[in-house]
Amino acid sequence: MIDRIKALLQEVEDMKAANAEELEALRIKYLSKKGEVSLLFNDFRNVAADQKREVGQFLNVLKETTQQKINDLKEAFENIQTTNNDIDLTRTAYPVQLGTRHPLSIVKKEICDIFGRLGFSIAEGPEIEDDWHVFSSLNFAEDHPARDMQDTFFIQHNPDVLLRTHTSSVQTRVMENQEPPIRIICPGRVYRNEAISYRAHCFFHQVEALYVDKNVSFADLKQALLFFAKEMFGPDTKIRLRPSYFPFTEPSAEMDISCNLCGGKGCPFCKHTGWVEILGCGMVDPNVLENCGIDSTVYSGYALGMGIERITNLKYQVKDLRMFSENDVRFLKQFESAN
């Protein structure tokens, strides 16, 4: 039996494993209940009494040596794994540079913060919408050009489902589910089937605001617009309202601000008029209130909407709208100081 023990001891000393799976197989082979070492201990009862002392010493050495060998191999694998986790050989030798917020995100947050100081809360809705929330509830006629395939992305298999063309759909959803007073601002991405150029894109971002309560007037709208313009573009900014038309507001207006490049004196940026258009607005049409379940004889309200890209263009003098979605790091680095 001593010869068997010595032979097994030599196997253990020469034992090697290429990976953790092989090491586990070796542990089972030698140290499990049915392993080589355990079988020798089971045979120890058959050893002659005068040999038990010597054989027992050899068995203990074998067991301790086997356990120590297994532990040494296991520790070696753990050290290799730890070293590999600490060193990423694919990582660049240059310092990792921190990114910045996108200019559209910067301006959107600034707009939301300004209206937040007026008591407006943020509301959001789905970008894939239905005809009712995008058009019908907002007083669009059946033959309105905005419903045409040239302007709106309709889902081919269901013409009633479309990509929203404005965030006004969020306003209708809120009015359907919430009783006045309502004071919300709706930022989000919208889609229109337009040719992509330096001044237009098939998707862009909007922020719309809605205020519905008793005795809301056009004077309230004008004061909110003046506050926004001064906070966004500077305390010397002036506004001008021009009559316009929107299906969902009556009366409706376009708002211009005094050009911040020439101070209203006229330059190529404002086409020498001294004014730059930034948003549309108006009093919510009574039909829209009724469509959403709000009594137009009791409540009134105003709404306004603007493109975030346009506000960003005015604020940072970006000349090409496509740059906002091209992910050019050289362009985005220019806005590090604006964060």
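Definitions and limits used
Residues numbered from 1 in each chain as written. Predicted model: local features only at pLDDT ≥ 70, side-chain atom pairs only at ≥ 80, totals over all residues. Heavy atoms only, no water. UniProt positions renumbered as here; feature names shortened; annotations may be inferred. Disulfide = S-S within 2.5 Å. Buried < 20%, exposed > 50% of the residue type's maximum accessible area, 1.4 Å probe, protein only. Pairing = 2+ DSSP bridges. Helix = DSSP H or I, 4+ residues; strand = E, 2+ residues; numbered from the N terminus. Contact = heavy atoms within 4.5 Å. Polar contact = N/O pair within 3.5 Å; in protein donor to acceptor, adjacent residues only side chain to side chain.

Labelled according to an unreviewed UniProt entry, the chain appears under the name Phenylalanine--tRNA ligase alpha subunit, originating from Parabacteroides chartae. Reading the Catalytic activity (unreviewed entry) entry of the UniProt record for the chain gives the comment "tRNA(Phe) + L-phenylalanine + ATP = L-phenylalanyl-tRNA(Phe) + AMP + diphosphate + H(+)". What UniProt records for the chain under Subcellular location (unreviewed entry) is the sentence "Cytoplasm".

Participant: Explain the state of the cysteines residue by residue, including any values.
Facilitator: The full count for this structure, using the stated rule, is 0 disulfides. Free cysteine C112: the closest other cysteine sulfur is in C186, separated by 9.6 Å. A residue is classified by how much of its surface remains accessible, and C112, at 11% relative accessible area, is buried. Here C186 falls in the buried class, since its relative accessible area comes to 0%.

Participant: How would you summarise the sheet that holds strand β7 (residues 239–246) if you had to cite specific residues and measurements?
Facilitator: Pairing is mixed across the open sheet formed by 7 strands, whose spatial order is β1-β5-β6-β10-β9-β8-β7. For this open sheet the edge positions go to β1 (121–122) and β7, each flanked by a neighbour on one side alone. In this sheet, strand β9 (residues 275–284) lies alongside strand β8 (residues 249–258) in antiparallel orientation, the contact comprising 8 bridges. Of the residues in β9, the one forming a bridge with S258 is W275.

Participant: Go over the pairing of β9 with me, naming the residues and quoting the values.
Facilitator: Taken across its 10 residues, β9 has 8 buried, putting it largely inside the fold. As judged from the 5 bridges shared by β9 and strand β10 (residues 300–307), these two strands associate in the antiparallel manner. What sits directly across from G280, in β10, is G305.

Participant: Describe helix α10 (residues 308–316), and please don't skip the residues or the numbers.
Facilitator: Of the residues making up α10, those classed as buried are I308, E309, I311, T312, N313 and L314. On its buried face, α10 sits against α5 (103–116), β6 (203–213), α8 (218–233), β8, β9 and β10. Q317 sits one or two residues past α10 and shows a positive phi near 60°.

Participant: Provide a residue-level description of the environment of T273, including the pertinent values.
Facilitator: Relative to the helices and strands, T273 resides in the loop between β8 and β9. Sequence spacing of T273 and K319 is 46 residues, and the spatial spacing of their C-alpha atoms is 19 Å. Within the local environment of T273, its side chain forms a polar contact with the backbone oxygen of W275, the two atoms lying 3.1 Å apart.

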